[in-house]
Amino acid sequence: MPAKQQKRTRIVYIIMAQQEITKKSEWPLWEVFIRSKAGLDHKHAGSLHAADAQMAIENARDVYTRRMEGVSIWVVESKNIHASDPSEANSLYDPANDKIYRHPTFYNLPDEVKYM
Amino acid sequence: MSNSKYLLDYTLRLADDALILGQRLGEWCGHGPILEHDIALTNTALDHMGRTRSLYQYAAEQFNNMPAEDKTGVFTSIALQNLINTSASLDEDNLAYLRDGWDFKNVLLLEQPNNDWAYTIARSFFYDAFNYFFFAALEKSADESLAAIAEKSLKEATYHLRWSSEWVVRLGDGTEESHTRMQSAVNELWMYTGELFIENETDNALAQQGIGVDLASIKPMWMERITSVFEEANINTPQNSWMQKGGREGRHSEHLGYILTDLQFLQRTYPGMQW
């Protein structure tokens, strides 16, 4: 089997397996964001299954904060997260590579400005 | 009974309640209906175990400080008697591992088997609701150690009650099957709830001194919470008033023996074993 076709077959199997798992558990997947005591922003901690938002927060409390990791929890159903397409990485990110003038390194800062 | 014996009796029964429920919930470890709730239940089990330790430590301290003549007859288990006869002081592990069933003072409700998820939830819900009001009252105890343990436990009990209440509603107001299971678990466990509020000599003596909780005062609050959650869950509150009892006096159902066999086997067979 050519390499490309082999890869495609494998991907199909992975998707089938994922669908099987989703069907079995029936509870949707949620992404969990935790703000730590010292942190200012919520950071992605992982994902879990729950029947609704309230259960997702409680599950997150038990799964992700039992070692005192956090003081605030956000959850969002994974299906509501839209991601950029990895195959478009070239056109999306590469053009920024040669635009070093977008970094503010070409300005002389006055000495009075301390925190930049 | 002397005053020190009342306090020991009271401390031990709270510890035994926590140990037996902690052990029961721990049985779900690796068997939860879904990974997330496997973790949630074991977290809760560990909350109960943490309280168990604090209370047994306090009970052991009380026992060790008792005058020798008061110590006789407190425990009837041979293994513990033998240890006391060597005039060794007791510790938390001795109290958990070397007492026989008739020295345990937990309520019968908590030794009832897990059966299914609904049964487990119903048992926890009845007890969590009790704990919530009980520890809110015990926080004001004249006994500083009990008050400190109550303060920590109240935070845990608040979450436990929220968690088990939600599950009662989910199952009761869920599918036909989940409703049926929830209702029958409630019906079967109902007769074990009366024991939570029985006031014996120990309760009366300690309530008078402001150390123990006046159980009659928290019963209506417990009842109100139970019925309001049941209403939301479409669960009928059982009307039968005949109640089981005996646990506080050391008269248990057969289930306790099996729990203790699991729990105590290692220390009974290999005394002092550590790993």
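Draft legend 1. View of the overall build of chain B. Counting its regular elements, chain B contains twelve helices and zero strands. Moving toward the C terminus, one meets the helices and strands of chain B in the order α-α-α-α-α-α-α-α-α-α-α-α. Scaling as 2.2 N^0.38, a compact globule of 275 residues should have a C-alpha radius of gyration of about 19 Å, and chain B matches this with 19 Å. When its C-alpha atoms are laid out on the principal axes, chain B stretches across 60 × 45 × 30 Å. The 275 residues of chain B split such that 55% are buried. Expressed as a percentage of contacts within chain B between residues at least 6 apart in sequence, the contacts between residues at least 24 apart total 80%.

Draft legend 2. Spotlight on the packing of helix H7 (residues 117-138) of chain B against helix H9 (residues 176-189) of chain B. Residue and element names in this part refer to chain B. Interhelical geometry of H7 versus H9 gives an angle of 50 degrees and a closest axis separation of 8 Å. Between H7 and H9, the crossing angle belongs to the class labelled oblique. Taken as a pair, H7 and H9 cross one another with a handedness that is right-handed. On H9, the residues that touch Ala-118, Tyr-119, Ile-121, Ala-122, Arg-123 and Phe-126 of H7 are Arg-181, Met-182, Ala-185, Val-186, Glu-188 and Leu-189. Split by residue class, the contact of H7 with H9 holds nine nonpolar, no polar and three charged.

Draft legend 3. Focus on unusual backbone geometry. One non-glycine residue, Met-68 of chain A, adopts positive backbone phi at about 60 degrees. Of note, Met-68 of chain A is situated in the loop between helix H2 (53-64) and strand S3 (72-77). One non-glycine residue, Asn-234 of chain B, lies in positive phi territory at about 60 degrees. Take Asn-234 of chain B: it is sitting in the loop between helix H11 (215-232) and helix H12 (255-269). Of the residues examined, Asn-234 of chain B reaches a relative accessible area of 47% and is grouped as partly exposed.

Draft legend 4. Quick peek at empty space enclosed by the protein. By the definition in use, this model includes two cavities of 30 Å³ or more. Computed from the structure, the largest cavity encloses a volume of approximately 60 Å³. Contributions of two or more residues to the lining of the largest cavity are made by helix H1 (3-26) and H7 of chain B. Put simply, the second largest cavity is a space of about 40 Å³. Surrounding the second largest cavity, Met-55, Glu-58 and Asn-59 of chain A together with His-37, Trp-163, Glu-166, Trp-167 and Arg-170 of chain B form its lining. Elements that contribute at least two residues to the lining of the second largest cavity include exactly H2 of chain A together with helix H8 (144-172) of chain B.

Draft legend 5. Representation of the environment of Ser-91 of chain A within the structure. All names here are of chain A. Structurally, Ser-91 can be placed in helix H3 (residues 89-93). For the pair Ser-91 and Ala-56, spaced 35 residues apart in sequence, the C-alpha separation works out to 36 Å. At a separation of 3.0 Å, a polar atom in the side chain of Ser-91 contacts the main-chain carbonyl oxygen of Glu-88.

Draft legend 6. Seen up close, the packing of aromatic side chains. Residues and elements named next belong to chain B. Here the structure, examined in full by the defined rule, presents 18 aromatic pairs over all chains. Between Trp-28 and Trp-117, the ring centres sit 5.2 Å apart and the planes meet at 85 degrees, which makes this aromatic pair edge-to-face. Of this pair, Trp-28 sits in the loop between H1 and helix H2 (35-64) while Trp-117 sits in helix H7; the two residues are 89 residues apart in sequence, bridging distant segments of the chain. For Trp-28, a relative accessible area of 13% corresponds to the buried category. Taken together, a centroid distance of 5.7 Å and an interplanar angle of 50 degrees make the contact between Phe-125 and Phe-230 tilted.

Criteria and cut-off values
Residues numbered from 1 in each chain as written. Chains lettered and ligands numbered in written order. Predicted model: local features only at pLDDT ≥ 70, side-chain atom pairs only at ≥ 80, totals over all residues. Heavy atoms only, no water. Helix = DSSP H or I, 4+ residues; strand = E, 2+ residues; numbered from the N terminus. Rg over C-alpha atoms; globule rule 2.2 N^0.38 Å. Buried < 20%, exposed > 50% of the residue type's maximum accessible area, 1.4 Å probe, protein only. Contact = heavy atoms within 4.5 Å. Axes fitted to C-alpha atoms, helices over the stretch in contact; angles between N-to-C directions. Parallel < 35°, antiparallel > 145°, perpendicular 65-115°, else oblique. Left-handed = near helix turned anticlockwise from the far one by under 90°. Nonpolar A, V, L, I, M, F, W, Y, C, P; charged D, E, K, R; others polar. 1 Å grid on protein atoms, 1.4 Å probe; cavity = no way out; pocket = protein on both sides within 12 Å on 5 of 7 lines; lining within 4 Å. Points joined across faces, edges and corners; volume = space filled by probe spheres on them. Polar contact = N/O pair within 3.5 Å; in protein donor to acceptor, adjacent residues only side chain to side chain. Phe/Tyr/Trp six-rings, centres within 6.5 Å; stacked < 30°, edge-to-face > 60°.

Purely spatial values, then, with no claim about function.
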